[in-house]
Amino acid sequence: MKVTVFGIGYVGLVQAAVLAEVGHNVVCIDVDQNKVDNLEKGLIPIYEPGLTPLVKSNFEAGRVTFTTDAKMGVEHGDVIFIAVGTPPDEDGSADLKYVLAVAKTIAEFMPSSKIVINKSTVPVGTADKVKAKISETLASLNKNLNFDVVSNPEFLKEGAAVNDCMRPDRIIIGTDSAKAEKKLRELYTPFNRNHDKIIVMDIRSAELTKYAANCMLATKISFMNEMANLAEVFGADIENVRLGIGSDPRIGYQFIYPGCGYGGSCFPKDVQALARSASESGYTAQILESVEAVNYKQKEKLFGYISNHFNGDLKGKKVALWGLSFKPNTDDMREASSRVLIESLWAAGASVQAYDPEAMEETQRIYGSRQDLSLMGTKEAALDGADFLVICTEWQVFRAPDFELIKQSLSEPLLFDGRNLFEPTLMKEYGLHYYAIGRGLSVK
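Residues numbered from 1 in each chain as written. Predicted model: local features only at pLDDT ≥ 70, side-chain atom pairs only at ≥ 80, totals over all residues. Heavy atoms only, no water.

## Details of the overall build of the chain
- Helix and strand counts for the chain come out as 18 helices and 15 strands.
- Scaling as 2.2 N^0.38, a compact globule of 444 residues should have a C-alpha radius of gyration of about 22 Å, and the chain matches this with 24 Å.
- Its C-alpha atoms give the chain principal-axis dimensions of about 75 × 45 × 40 Å.
- For the chain, the residues scored as buried account for 52% of the 444 residues in total.
- For the chain, the accessible surface area stands at approximately 19900 Å², while carbon and sulfur atoms represent 50% of it.
- Put simply, the chain has 48 plus and 58 minus side-chain charges, and the middle of one group is 3 Å from the middle of the other. (Helix = DSSP H or I, 4+ residues; strand = E, 2+ residues; numbered from the N terminus. Rg over C-alpha atoms; globule rule 2.2 N^0.38 Å. Buried < 20%, exposed > 50% of the residue type's maximum accessible area, 1.4 Å probe, protein only. Areas by Shrake-Rupley, 256 points an atom, 1.4 Å probe, with all protein chains shown as cover. Lys, Arg positive; Asp, Glu negative; His and termini not counted. Charge placed at Lys NZ, Arg CZ, Asp CG, Glu CD.)

Listed below in structure tokens is the structure:
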């Protein structure tokens, strides 16, 4: 099938590569000529396990191409994905200007009927706006062409996106068109062989499903962080609580790990956007507002521990930091807890020497060169000459470190763990003063 994807960002590139892998002919459109040139050279703009070889092999096979030529892309695709960004506006609502700009472009160059698929995460009602924009543009050009607008949200986890796309849990298709449904069933046939994963529903329900999924997961995280804070108040151990409630099959163990807050491009933005959409419709989404408030406060947790430990005097302290990305297996630092911590440490007069397996270049891009930030080549190098260690991201490489080396390298045997990677009793055996989230505040 001939497929066009507008937007070669995280969602668009993964979707395009996976569709090409099963044999579809995919054209990717982006306004950034430099990005297009780099992709043709095999330079992938994001870190995602398995994505680089997938893109390279399908580009070399001619199944996926990259261009800034929107006209060619519109003419090529029987189905056209809109996968551009929907950044948060100042009030937290999703900004649809890029989505609607693509809709206008599609209408301008449409030579025949098309199926337009909203892949971007968009507020409920966006398909209606896309349809109106296409209809309005076609009318202004005196074109009388049929088209369908479909909601087909993505459910990709950063760090596992390729696998999620190749082996989806579900494929949501929001449409009222039998023709569009048939076409998308054909498109997704290679991913639907084991059992029927396709769920067809009305467009607005499909749009809400995406937001509801991310907001539910964010809610579980914020709830668990609230319980961790209560565990500290009551003198309980949140790890025992986690095991106790996770054993209930109605709750399960997924997304109930306490920590220093969630980040990334999805949860923070989607919780805000749905709450804002609710407000615009005259409804106060109290749970969503609380989820966001708890997460905002949780990102300040590590700095609070550190500041209290040193009685507010951090001037001249050198901090070893392990983990910069918002989660493992990505270089994405959008809304990362590490950024809140780093900026708070700087404001208090401390300096940071950090290591992350993938997010070093992104950190350099965000903060540039500064005297109070050193990006180190290894996790061990980050310890050298530091006063204490902080862990912000649960990368696998941090899970079994040399604790004796940590103790010897730091001026004070002090570890602040924002992801509860270690057992407090083990840290005590190694002589480390250990702070974790919801585990009795500190152990030494």
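Now, onward.
## Quick word on the packing of aromatic side chains
- Following the criterion strictly, the structure yields 14 aromatic pairs and no others.
- With a centroid separation of 5.2 Å and 20° between ring planes, the pair formed by Trp322 and Phe398 is classed as stacked. Of this pair, Trp322 sits in strand β9 (residues 318-322) while Phe398 sits in the loop between β12 (388-391) and α17 (403-409), and the two are 76 residues apart along the sequence. As far as the burial class goes, Trp322 and Phe398 line up, both buried.
- Clustering of aromatic rings is evident, with ring pairs tying together Tyr305, Phe310, Phe388, Phe416 and Tyr435.
- Sitting above the plane of the Phe155 ring, Arg170 keeps its charged end 3.8 Å from the centroid.
- Here the basic side chain of Arg370 rests over the ring of Trp346, its NZ or CZ set 3.6 Å away from the ring centre. (Phe/Tyr/Trp six-rings, centres within 6.5 Å; stacked < 30°, edge-to-face > 60°. Lys NZ or Arg CZ within 6 Å of the ring centre and 35° of its normal.)

## As for the side chain of Asn118
- Along the polypeptide, Asn118 turns up in strand β5 (residues 114-118).
- Owing to a relative accessible area of 2%, Asn118 belongs among the buried residues under this scheme.
- The residues touching Asn118, leaving out its near neighbours within four places in the chain, are Ile82, Val99, Thr126, Ala127, Val130, Val149, Val150, Ser151, Asn152, Pro153 and Glu207. (Contact = heavy atoms within 4.5 Å.)

## Observations concerning empty space enclosed by the protein
- Tallied over the entire structure, the rule returns three cavities of 30 Å³ or more.
- In this structure, the largest cavity occupies an estimated 190 Å³ of space.
- As for the largest cavity, its lining consists of 16 residues, and the residues nearest its centre are Leu156, Asp164, Cys165, Pro168 and Arg170.
- The residue makeup of the lining of the largest cavity, split by class, is eight nonpolar, two polar and six charged.
- As a volume, the second largest cavity reaches approximately 40 Å³.
- Taken together, Asn118, Ser120, Thr121, Val122, Ser151, Pro153, Ala206, Glu207 and Lys210 form the lining of the second largest cavity.
- The element best represented in the lining of the second largest cavity is helix α9 (residues 203-234), accounting for three residues. (1 Å grid on protein atoms, 1.4 Å probe; cavity = no way out; pocket = protein on both sides within 12 Å on 5 of 7 lines; lining within 4 Å. Points joined across faces, edges and corners; volume = space filled by probe spheres on them. Nonpolar A, V, L, I, M, F, W, Y, C, P; charged D, E, K, R; others polar.)

## Points about the pairing of β12
- Every second residue of β12 is oriented toward a common face, with Phe388 and Val390 on one face and Leu389 and Ile391 on the other, all of them buried.
- As judged from the four bridges shared by β9 and β12, these two strands associate in the parallel manner. Across the sheet, residue Leu321 finds its bridge partner in β12, namely Val390.
- Pairing geometry for β12 and strand β13 (residues 414-417), over three bridges, is parallel. Pairing of Ile391 across the sheet is with Asp417, part of β13.
- A crossover connection joins β12 to the parallel β13 through α17; in handedness this β-α-β unit is right-handed. (Pairing = 2+ DSSP bridges. Right-handed = clockwise from strand over helix to strand, strands pointing away.)

## A look at the pattern of salt bridges
- Counted by the stated rule, this structure contains 22 salt bridges.
- In this structure, Lys35 and Asp30 form a salt bridge, with 3.8 Å as the shortest nitrogen-oxygen distance.
- Judged by its relative accessible area of 22%, Lys35 is partly exposed.
- For Arg204, the salt bridge identified is with Asp128, shortest N-O distance 2.9 Å. With a gap of 76 residues between them, Arg204 in helix α9 and Asp128 in helix α6 (residues 126-140) connect regions that are remote in the sequence.
- Among the charged side chains, a network of salt bridges with common partners joins Asp237, Glu423 and Arg439. (Salt bridge = Lys/Arg side-chain N within 4 Å of Asp/Glu carboxyl O.)

Purely geometric stuff here, so don't read any function into it on its own.
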